[in-house]
Amino acid sequence: MKKRVYIIGAGLSGLSAAIHCQKKKISAKIFEAAKYPGGRCRSFYDKKINMEIDNGNHLVFSANKNFTNFCELIGSSKTLKEISPNFFFFDFEHNLEWNLDLSSGYTNFLLGKKKLIPNTKLFDYFSLLKLFFVSKNSSVFEIVGNSKIFKTFWEPLTLGVMNTAPNLASAKVLSNVLKETIYKGEEFCKIFQPKTNWNETLIKPAVTKIKKNGGQISYGNLLKRINITDNYVSELSFIKNKIKVNKNDRVIFSIPPTNLSKLLGNCSLPNQYNTILNLHFKVKPKDIKLFKKPIVGFINSITQWVFVKSNHLSITVSNANNLNSHNTEELIINIWDEICKYIKKNIIYENVQIVREKKATYVQSPSNINLVKKFNNIPKNMILAGDWTQYNLPCTIEASILSGKKAIETI
Ligand SMILES: Cc1cc2nc3c(=O)[nH]c(=O)nc-3n(C[C@H](O)[C@H](O)[C@H](O)COP(=O)(O)OP(=O)(O)OC[C@H]3O[C@@H](n4cnc5c(N)ncnc54)[C@H](O)[C@@H]3O)c2cc1C
């Protein structure tokens, strides 16, 4: 009997699985609970600010080879723009500005050719070596918490990359990221951003290719229940239909761990998540010009990152569970106040939209990662995908795409 492949979830991992399936000349059917694809990496037209925006400011490093290969596969490489690895920072408490310039390699820092973070010495950067060899049970804070560059380097890096506070974040995962980026050199630290938005770069081209090659996507079709017989998935019950599944078929679950737990019942998977908060400010073109740097990191402030887009400013705050119940109006006022202080000018925004992604990523602590590692008691024709399954990497676009690719390699 011909093998059929069903994919649950049309986020990046599900789309990656479908694309890699087609590469193997196997057709797959995708089922997605939402009315649109993209999951946690989606773009949408927002009425309030009258423009298309990304749910979050996804940033990808040139080291992410699965990402760049995927863009090639779906024919979207030209929709990317490359930003040189200059990380501009502004410290509110000490009124200091600096540029962490990785564009000509970190050796230039060691040779003293590049400017260091203000009030630091070369010695302070040896904490970079500490993260090279770390145990799987250590948190980032345990390794570099007493470093002089903790607040100005390690904390923003950990929050930006892992959306997890340094005292909880797995040092091993951050170490893996450093080994693929900073430790390897500037070529691996360039930043990729979409010229328009992530929908145009990742989601739309992937969906177009899947459909062109005969793949099907059923939207608004939540998987409610699975029947398991003799340790095989035997039936999938969606809100719109039911499907009988043979032992020879494969069902790829590319959904977050809590969604999977609901379906499987009684399984030990991480259930703590962190919010990423995004505020999209529509700003007059003349005021956008006041922002000279494309991306700026803020220290000792609520705002963590400012992304300067062609027609709006987009603010990111990671690890933002503490702001979930914060008064929205007050939050907007405080954040806008920080923006104005940074450019040293009071400007007015035209409108603002706030996007709270309450389950942006699970808390990537050593104990949660351990739960994922140990989790293998699944039916024989079930395959897991999703950013969280690649526990050596942070939960990212790279991890999602890789998970979809790996899922198909097992078929
Ligand atoms: C605000 C924000 C900022 C981020 N920033 C970055 C960044 O800078 N760089 C980076 O690399 N990554 C970033 N990420 C992470 C990245 O977006 C995710 O790792 C990636 O999108 C996850 O894709 P996924 O397919 O694994 O999961 P998801 O996108 O969650 O996809 C799962 C899909 O499954 C569907 N689903 C769930 N349950 C069911 C069910 N029972 N039946 C049918 N369908 C179901 C969901 O609707 C969803 O569409 C960010 C994430 C957020 C939210």
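Rules behind the numbers
- Residues numbered from 1 in each chain as written.
- Predicted model: local features only at pLDDT ≥ 70, side-chain atom pairs only at ≥ 80, totals over all residues.
- Heavy atoms only, no water.
- Helix = DSSP H or I, 4+ residues; strand = E, 2+ residues; numbered from the N terminus.
- Buried < 20%, exposed > 50% of the residue type's maximum accessible area, 1.4 Å probe, protein only.
- Contact = heavy atoms within 4.5 Å.
- Phe/Tyr/Trp six-rings, centres within 6.5 Å; stacked < 30°, edge-to-face > 60°.
- Lys NZ or Arg CZ within 6 Å of the ring centre and 35° of its normal.
- Near = heavy atom within 4 Å.
- Polar contact = N/O pair within 3.5 Å; in protein donor to acceptor, adjacent residues only side chain to side chain.
- Nonpolar A, V, L, I, M, F, W, Y, C, P; charged D, E, K, R; others polar.
- Domains from an automatic or database assignment.
- Buried area = accessible area lost by both parts, 1.4 Å probe.
- Salt bridge = Lys/Arg side-chain N within 4 Å of Asp/Glu carboxyl O.
- Pairing = 2+ DSSP bridges.

Attention now moves to the environment of Ile383. Residue position: Ile383 is located in strand S20 (residues 382-384). Residue Ile383 is classed as buried on the basis of its relative accessible area, which comes to 11%. For the pair formed by Ile383 and Ser254, sequence separation is 129 residues and the distance between their alpha carbons is 8.6 Å. Each residue touching Ile383, except ones within four places of it in the same chain, is listed here: Arg250, Val251, Ile252, Phe253, Ala407, Thr410 and Ile411.

In the structure shown here, the tally under the stated rule is 20 aromatic pairs. The rings of Phe90, Phe92, Phe291, Phe298 and Tyr342 are connected pair by pair, giving a single aromatic cluster. Lys293 extends its terminal NZ or CZ atom over the ring of Phe88, reaching a point 5.0 Å from the ring centre.

Take the site of the ligand next. What surrounds the ligand is a group of 33 residues, the closest being Ser13, Glu32, Arg40, Leu59 and Asp387. In this structure, Leu59 approaches the ligand through a main-chain N or O atom, which is 2.7 Å from an oxygen atom. Contact between the ligand and Leu223: a nitrogen atom at 2.9 Å from a main-chain N or O atom of the residue. Listed by contribution, the elements that provide at least two residues to the shell around the ligand are helix H1 (12-23), strand S15 (273-282), strand S19 (351-362) and helix H13 (397-409). Residue classes in the shell around the ligand are distributed as 14 nonpolar, 15 polar and four charged.

Moving on: the domain arrangement of the protein. Under the domain assignment used here, the protein contains domain 1 (5-46 + 196-271 + 364-409), domain 2 (85-189) and domain 3 (273-362). Look at where the C-alpha atoms of domain 1 and domain 2 centre, and you get two points 33 Å apart. Tallying the contact residues gives 10 residues for domain 1 and 12 residues for domain 2. Here domain 1 packs against domain 2, burying approximately 780 Å² in sum over the two surfaces, 57% of which is carbon and sulfur. When the buried area of domain 1 at its contact with domain 2 is split by residue, Gln364, Pro366 and Pro394 rank highest and sum to 60% of it. At the junction of domain 1 and domain 2, the tally comes to zero salt bridges. Summed over the shared surface of domain 1 and domain 2, the result is four residue pairs in polar contact (both at pLDDT 80 or more). Grouping the constituent residues of the side of domain 1 that touches domain 2 by class yields five nonpolar, four polar and one charged.

Right, let's get into the environment of Phe88. Looking at the element boundaries, Phe88 is found in strand S7 (residues 86-91). Remark: the alpha-carbon pair of Phe88 and Trp98, spanning 10 residues in sequence, is separated by 5.8 Å. For Phe88, the contacting residues outside a window of four places in its chain are Trp98, Asn99, Lys293, Ile295, Val296 and Gly297.

A few words now on unusual backbone geometry. Trans peptide bonds make up most of the peptide bonds, and negative phi angles are found at most residues other than glycine. A positive phi angle is found at Asp230, which is not glycine, with a value near 50°. Considering the arrangement of structural elements, one finds Asp230 in the loop between strand S11 (223-229) and strand S12 (232-238). The backbone of Lys344 shows a phi angle near 55°, a positive value even though the residue is not glycine. Assignment of secondary structure puts Lys344 in the loop between helix H11 (328-343) and S19. Residue Lys344 is classed as exposed on the basis of its relative accessible area, which comes to 61%.

What follows deals with the pairing of S7. For S7, the buried fraction is high: six of the six residues fall into the buried class. Residue alternation in S7 divides its side chains into two sets, Asn86, Phe88 and Phe90 and Phe87, Phe89 and Asp91, and both sets are buried. Taken together, the six bridges between S7 and strand S8 (residues 96-101) define a ladder with antiparallel strand orientation. Bridge pairing links Phe90 to Glu97 in S8. When S7 meets strand S16 (residues 295-299), the two strands line up parallel, connected through four bridges. Paired with Asp91 across the two strands is Ile299, which belongs to S16.

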